[in-house]
Amino acid sequence: MEMKNEETDEVQKYVDSRYVGPMEAAWRLNELPLHDRSHSVIRLPVHLNGQQYVTFQEGQKEDAVRKDPKTMLLGWFDLNKQDSSARQILYSDLPNSYSWRAKDKKWITRTRNAKVVGRVVSVSPRDSERFHLKLILSRIPGATCYEDLRTHENVLHKTFREAAIAMGLTECSDEAIAVLEEAAKTLMPNQMRRFFAYYLIGDEPSDARQLWERFELEMTDFGDTSSEALCDIEAMLNTENRTCEDFGLNKPDIFTAPVICIDIGSHSQKCHEIEEKFNEDQLGVYNRVIGSISGECQQPAQCFFIDGPGGTGKTFLYTGIYHRLLAMNKKTACVAWTGIASILLPCGTTSHRFFNLPIQLNEEGICFTKPRDKRRLQEVDVVIWDEASMIPRKALEIIDRTLKDVMNNSLPFGGKTFILGGDFRQVLPVVKKATRSQIVSECMKSL
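The structure presented is a predicted model; accordingly, all values stated were derived computationally and were not measured. (Residues numbered from 1 in each chain as written. Predicted model: local features only at pLDDT ≥ 70, side-chain atom pairs only at ≥ 80, totals over all residues. Heavy atoms only, no water.)

### Things to note about the pairing of strand β2 (residues 98-101)
For step 1, the next point in the chain: Pairing geometry for β2 and strand β3 (residues 106-109), over four bridges, is antiparallel. Directly across from Y98, in β3, lies its bridge partner T109.
For step 2, the next point in the chain: Counted between consecutive antiparallel strands, the loop separating β2 from β3 contains four residues, among which K105 sits at a positive phi close to 55°. (Pairing = 2+ DSSP bridges. Helix = DSSP H or I, 4+ residues; strand = E, 2+ residues; numbered from the N terminus.)

### Things to note about the pairing of strand β11 (residues 417-422)
For step 1, the next point in the chain: Of all six residues making up β11, six are buried, and the element is well covered by its neighbours.
For step 2, the next point in the chain: Of the strand pairs in this sheet, strand β7 (residues 303-307) and β11 are connected by five bridges, and their pairing is parallel. Among the inter-strand pairings, F304 is bridged to a residue of β11, identified as I419.
For step 3, the next point in the chain: The pairing of strand β10 (residues 382-386) with β11 spans four bridges and is classified as parallel. Pairing of V382 across the sheet is with T417, part of β11. (Buried < 20%, exposed > 50% of the residue type's maximum accessible area, 1.4 Å probe, protein only.)

### Looking at the confidence of the model for the chain
For step 1, the next point in the chain: Taken residue by residue, the chain gives an average pLDDT of 83. The fraction at 70 or more is 94%.
For step 2, the next point in the chain: Every residue in residues 255-259 is under pLDDT 50, and counting partners more than four places away or in other chains gives five contacts. (pLDDT = per-residue confidence, 0-100. Contact = heavy atoms within 4.5 Å.)

### Description of the packing of helix α8 (residues 174-186) against helix α9 (residues 189-203)
For step 1, the next point in the chain: Put simply, α8 and α9 touch, their axes get as near as 10 Å, and they point 155° apart. Considering the angle they form, α8 stands roughly antiparallel to α9. Relative to α9, α8 is oriented so that their crossing is right-handed. In this structure, α8 uses A176, V179, L180, A183, A184 and T186 to contact α9, whose residues at the interface are Q191, M192, F195, F196 and Y199.
For step 2, the next point in the chain: For the contact of α8 with α9, a count of residues per class yields nine nonpolar, two polar and no charged. (Axes fitted to C-alpha atoms, helices over the stretch in contact; angles between N-to-C directions. Parallel < 35°, antiparallel > 145°, perpendicular 65-115°, else oblique. Left-handed = near helix turned anticlockwise from the far one by under 90°. Nonpolar A, V, L, I, M, F, W, Y, C, P; charged D, E, K, R; others polar.)

### A look at the environment of A143
For step 1, the next point in the chain: Along the chain, A143 turns up in the loop between α5 (128-137) and α6 (146-149).
For step 2, the next point in the chain: Given a relative accessible area of 3%, A143 falls into the buried group.
For step 3, the next point in the chain: Distance in space between the C-alpha atoms of A143 and L90 is 9.3 Å, their sequence separation being 53 residues.

### Focus on a nonpolar patch on the surface
For step 1, the next point in the chain: A contiguous nonpolar surface patch, about 340 Å² in accessible area, is contributed by V11, Y14 and V15.
For step 2, the next point in the chain: Note on placement: V11 falls in helix α1 (residues 10-17).
For step 3, the next point in the chain: Classification of V11 as exposed rests on a relative accessible area of 61%. (Patch = residues over 30% accessible without salt bridge, like charges linked within 9 Å, V, L, I, M, F, W, Y side chains within 5 Å. Areas by Shrake-Rupley, 256 points an atom, 1.4 Å probe, with all protein chains shown as cover. Salt bridge = Lys/Arg side-chain N within 4 Å of Asp/Glu carboxyl O.)

### Some details on the pattern of salt bridges
For step 1, the next point in the chain: One pass over the full model with this rule turns up 12 salt bridges.
For step 2, the next point in the chain: Taking the shortest distance from any N to any O, the salt bridge between D232 and R193 comes out at 2.8 Å. A residue pair is termed long-range when its members are at least 10 positions apart, and D232 in helix α11 (residues 226-238) and R193 in helix α9 qualify at 39 residues.
For step 3, the next point in the chain: Taking the relative accessible area as the measure of exposure, D232 reaches 26% and is therefore partly exposed.
For step 4, the next point in the chain: On the basis of relative accessibility, which here comes to 5%, the residue R193 falls in the buried class.
For step 5, the next point in the chain: Residues K404 and D400 are paired through a salt bridge, measuring 3.3 Å at the closest nitrogen-oxygen approach. Here the residue K404 and the residue D400 both occupy positions in helix α18 (residues 393-407), the gap between them amounting to four residues, near one helical turn.
For step 6, the next point in the chain: Within this structure, R193, D221 and D232 form a network of salt bridges that share partners.

### Some details on α11
For step 1, the next point in the chain: Here α11 contains 13 residues, and its C-alpha end-to-end distance of 18 Å stays within 8% of the 18 Å for a straight helix at 1.5 Å per residue.
For step 2, the next point in the chain: S227, A229, L230, C231, I233, E234, A235, M236 and L237 are the residues of α11 that are buried.
For step 3, the next point in the chain: Looking at the buried side of α11, the elements it contacts are α9 and α10 (208-214). (Expected span 1.5 Å × (residues − 1).)

### Regarding unusual backbone geometry
For step 1, the next point in the chain: Within the chain, N329 stands out as a residue other than glycine whose phi angle is a positive 65°.
For step 2, the next point in the chain: Residue position: N329 is located in the loop between α14 (314-327) and β8 (332-336).
For step 3, the next point in the chain: Look at N329 and you get exposed, because its relative accessible area is 55%.

### Examining the side chain of H323
For step 1, the next point in the chain: Locating H323 in the fold gives a position in helix α14.
For step 2, the next point in the chain: A residue is classified by how much of its surface remains accessible, and H323, at 9% relative accessible area, is buried.

### Focus on the environment of S99
For step 1, the next point in the chain: Within the fold, S99 resides in strand β2.
For step 2, the next point in the chain: Separated by 15 residues in the primary sequence, S99 and A114 place their C-alpha atoms 10.0 Å from one another.
For step 3, the next point in the chain: Excluding its chain neighbours within four sequence positions, the residues that come into contact with S99 are K106, W107, I108 and R110.

### Re α14
For step 1, the next point in the chain: The end-to-end C-alpha distance of α14, which contains 14 residues, comes to 20 Å, matching closely the 20 Å that a straight helix rising 1.5 Å per residue would cover.
For step 2, the next point in the chain: Most of α14 is tucked away, with 12 of its 14 residues classed as buried.
For step 3, the next point in the chain: Listed in full, the buried residues belonging to α14 are K314, L317, Y318, T319, G320, I321, Y322, H323, R324, L325, L326 and A327.
For step 4, the next point in the chain: Looking at the buried positions of α14, the neighbouring elements they touch are α12 (264-275), α13 (280-294), β7, β8, β10 and β11.

This is the structure we're talking about:
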């Protein structure tokens, strides 16, 4: 039997095999609408006094600041001052009766019946004041200023959180206080600081500042200052890529990154033990990579790809390279596309966590780097990346653009050495409902 290798026209194949039933045919013949939108969604901003967002073109920042920065929330305050009927309407229900005129930046009475839904923007509980302001806005109508929202039973509270607790809109931190009080009875200050740091990461309380102020003495060693204790908490949070500022705590005044001591002798001994167990192929790749990085190779390279079927010892080779590079005082990071693969690497982590890759990868995006993340990327010398066959093409392009920008270097990956490894015989990038050609185009081989 002779097999004909003909290209498949998927579009024509879909048209030829498509089935249109009598109901759909009648609907289309009568030109009835196939889709419709039931309601318009109006996004209502939430911001603190003087902290509204301002958009501007590059070079026009001063003009944007001089313009009237009135938002829908400030317009709601003005409307309640002028219209008594509006004082009975909650902020989230306002679009049902009023429409926002962007040109004049004010709410006007809605003249036509329209299906609209007001949605207050999402606010993270870590942004404590805005989060509790949103809670109050969803319960209290008729406010004419921020002070009205912080007033309950003729008492003006200092913060929106205190006002929300007084109104019964949120629970106070009695349970967290009880837990920390019990821990303070048995834990030493350094243990208390560690307990508090992991509590912040796990629970993400909105009142972290109040908890710190209450248990500040219990977390401070005798003879040390509270700032030194906060520095220790900052260092613990940094290991999880977080900071004190993420939880509303003050940034330590005297914080310096902890000095990491590398036992070069220990790493050198480990790499010698691994070298003795290498086979011929592993030793050849090992010498080529180390020779290029150390400058002993006549044709040094910056990017490597280690290809091999599963079970041929790639992870063992990565471990040997890692210890040799640390013995050479080279800062090395081991990453992988999946969490399962990362735990097999020495000090491994996922590529999303190390590079801060966005969830949605696009053609022109970059990694959003905070100052400490930027510093980490600048300091690393070599990146070992396992399971590279699963890396989408866009991820590598984003990392390449980010490192070029961070290092101010036009070389690939900003001049960093990348050691990629994987097996293209296994899983390729996962693309939902994609054809074979689409999956291949998303692979790093299409670069």
